[in-house]
Amino acid sequence: MIPVIIAGIENQQTNFDYLMEELAELAYANGMQVVADIRQKLQKPVAATYLGKGKIQELYRIGQEKEAAVLLLNDELSPTQIRNLEKETSLDVLDRTELILEIFSSRARTKEAQLQVEIARLKYKLPRLRTSSHEKLDQQSSGGSLANRGAGETKLEINRRTIQKRIAQLSRELKNIDKEQEIKSSTRRESGLPSVALVGYTNSGKSTTMNGLLRFLNSPDSKEVMAKDMLFATLDTSIRKLHFKDNREFLLSDTVGFVSKLPHNLVKAFQSTLSEVKNADLLLHVVDISDEHSADMIKITTETLKQLGVENTPMIYAFNKADKTNGNYPVIEGLQLTYSARDEKSISALANLMKQVLFKNYKTHKYLIPFNQERYLEKINKLALVTETNYTEKGTVITAEISPTQEEYFSRFLTE
């Protein structure tokens with residue numbers, strides 16, 4: 001693993017310790033080993049170097065002693081700050097945003113996720129072209145030639161246009177994939193099946209919860225999703241159809257987790273991937289209740305959902321890892337359940353609560369569908385939970401449990 005130093009500025013942040021712990025976890029997720037943790041109290045970062053002169057000297061000394069290769073900063077830095085820190089510490093410098101982008105880049109598996117991450121990385125890189133370009137200018141201007149300086153600036157403009165064209169090209173490719181995904185999403189919505197989206201902090205247990213529900217509600221050979229004890233173990237949305245024992249069905253999606261200071265370009269880039277969250281009938285907000293910072297995690301997830309325009313969707317707070325706690329839970333308004341994703345009894349309780357919420361507005365009605373209206377007969381059999389079917393001279397009499405939307409659609413055939 002690559003030896004790295006993490007560093008940050010505490011400027012009256014109430015959750016600073018947590019942010020630094022999380023930075024260390026992000027480093028581990030990127031194949032790095034933290035060999036030192038440097039912190040400084042400042043009202044605001046130093047404009048030219050982020051950290052103060054004394055801390056930079058300390059960083060240089062520790063970097064030499066620990067044979068560190070990289071300096072990770074807890075905030076997003078300017079190109080000038082990065083360049084000056086690299087010069088003063090003799091370390092490669094990554095800020096928090098670039099570190100998260102690197103992790104996302106290495107974890108993206110589907111074409112859609114790869115395009116989204118590359119667009120975000122290029123948008124991050126675009127205003128920072130000056131760093132490398134100025135270095136070239138310095139080399140070219142050793143003789144003091146204005147002509148060489150002009151050549152360097154031209155090179156910078158060429159690089160900028162190249163990146164802008166690449167962003168435009170990738171955006172077009174992503175738009176085409178988004179159209180395909182929207183068709184699939186529309187098809188799922190037209191199926192009439194209610195949908196549940198797992199949301200929450202990265203590594204809170206969303207994938208483990210999904211696998212637990214798959215094992216409990218489906219056959220043993222159901223395809224499970226990858227679950228790993230690491231931040232951002234997976235970025236790609238997974239969707240499965242689940243069946244209750246009474247034949248009621250719903251769709252369950254597992255989405256990318258959230259984290260503190262998630263780069264704005266990443267949130268924007270992943271909006272299409274998170275469309276399952278926006279279109280869900282119910283959100284299952286998974287919280288690692290064993291983590292002492294669970295209240296912060298809830299707050300960050302809630303704020304990120306607001307950025308996505310998701311505020312009024314029904315939600316269950318699913319307090320996971322209850323077996324590892326002492327019973328102290330955050331005070332949250334709303335529907336909630338304490339459980340363990342690896343315990344079948346817990347998963348059973350969670351599944352029952354989800355069922356109550358998903359189907360609470362469903363009603364059972366009897367319909368008479370004439371024989372010349374077969375398309376409606378096919379549709380009600382496809383969309384609703386049919387409990388009884390009889391045939392009469394006037395048509396097919398069906399007793400079915402349906403959603404409020406379906407209730408309005410089939411109201412013309414209502415008999416009781």
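Just so we're clear, the structure is a prediction, and the values are computed from it rather than from any experiment. (Residues numbered from 1 in each chain as written. Predicted model: local features only at pLDDT ≥ 70, side-chain atom pairs only at ≥ 80, totals over all residues. Heavy atoms only, no water.)

Digging into the environment of N381
Here N381 shows up in helix α13 (residues 374-383). Separated by 17 residues in sequence, N381 and I398 have C-alpha atoms that sit 8.9 Å apart. Within the structure, N381 has its side chain in polar contact with the backbone oxygen of L377 (distance 2.9 Å). (Helix = DSSP H or I, 4+ residues; strand = E, 2+ residues; numbered from the N terminus. Polar contact = N/O pair within 3.5 Å; in protein donor to acceptor, adjacent residues only side chain to side chain.)

Details of helix α3 (residues 79-89)
Considered for burial, the residues of α3 that qualify are P79, Q81, I82, L85 and T89. Taken down its axis, α3 places every buried residue within 165° of arc, on the same side. Of the residues flanking the end of α3, it is S90, one or two places downstream, whose phi is positive at about 60°. (Buried < 20%, exposed > 50% of the residue type's maximum accessible area, 1.4 Å probe, protein only. Arc of directions from axis to C-beta.)

Let's talk about the sheet that holds strand β2 (residues 32-41)
The strands making up a sheet associate through hydrogen bonds between their backbones, and the pairing can be parallel or antiparallel. Pairing within the open sheet is parallel, and its four strands lie in the order β2-β1-β3-β4. The sheet is open, and its two edges are formed by β2 and β4 (92-95), each paired on a single side. Each adjacent strand pair in this sheet contributes to an overall mean axis angle of 25°, direction not counted. Inspection of the sheet shows strand β3 (residues 70-73) paired to β4 by four bridges, in the parallel sense. Pairing of V70 across the sheet is with D92, part of β4. Across the sheet, helix α2 (residues 53-66) is in contact with β1 (2-10), β2 and β3; its angle to β2 comes to roughly 160°. (Pairing = 2+ DSSP bridges. Axes fitted to C-alpha atoms, helices over the stretch in contact; angles between N-to-C directions. Contact = heavy atoms within 4.5 Å.)

Some thoughts on the confidence of the model for the protein
Considering every residue of the protein, the mean pLDDT works out to 84; 86% of them sit at 70 or more. Across residues 131-149, where pLDDT falls below 50, the model places 14 contacts with residues more than four positions away in sequence or in other chains. (pLDDT = per-residue confidence, 0-100.)

Some words on unusual backbone geometry
Positive phi is not limited to glycine here, since E67 has a value of about 55°. Positionally, E67 belongs in the loop between α2 and β3. You can call E67 exposed: its relative accessible area is 64%. In this structure, S90 is a non-glycine residue whose phi angle is positive, near 60°. Residue position: S90 is located in the loop between α3 and β4. A relative accessible area of 52% means that S90 is categorised as exposed.

Things to note about the packing of aromatic side chains
Scanning the model with the defined rule gives eight aromatic pairs in all. Relative to Y201, the ring of Y18 has its centre 6.4 Å away and its plane inclined at 40°; by these criteria the two rings are tilted. Taken as a pair, Y18 in helix α1 (residues 16-29) and Y201 in the loop between β5 (195-200) and α8 (206-217) lie far apart in primary sequence, 183 residues in all. Using a relative accessible area of 4% as the deciding quantity, one classes Y18 as buried. In this structure Y201 comes out as buried when scored by relative accessible area, which is 3%. Chaining the aromatic ring pairs together yields one cluster made of Y367, Y376, Y409, F410 and F413. Positioned over the ring face of Y124 is R128, at 3.9 Å from the centre of the ring. K355 extends its terminal NZ or CZ atom over the ring of F244, reaching a point 5.3 Å from the ring centre. (Phe/Tyr/Trp six-rings, centres within 6.5 Å; stacked < 30°, edge-to-face > 60°. Lys NZ or Arg CZ within 6 Å of the ring centre and 35° of its normal.)

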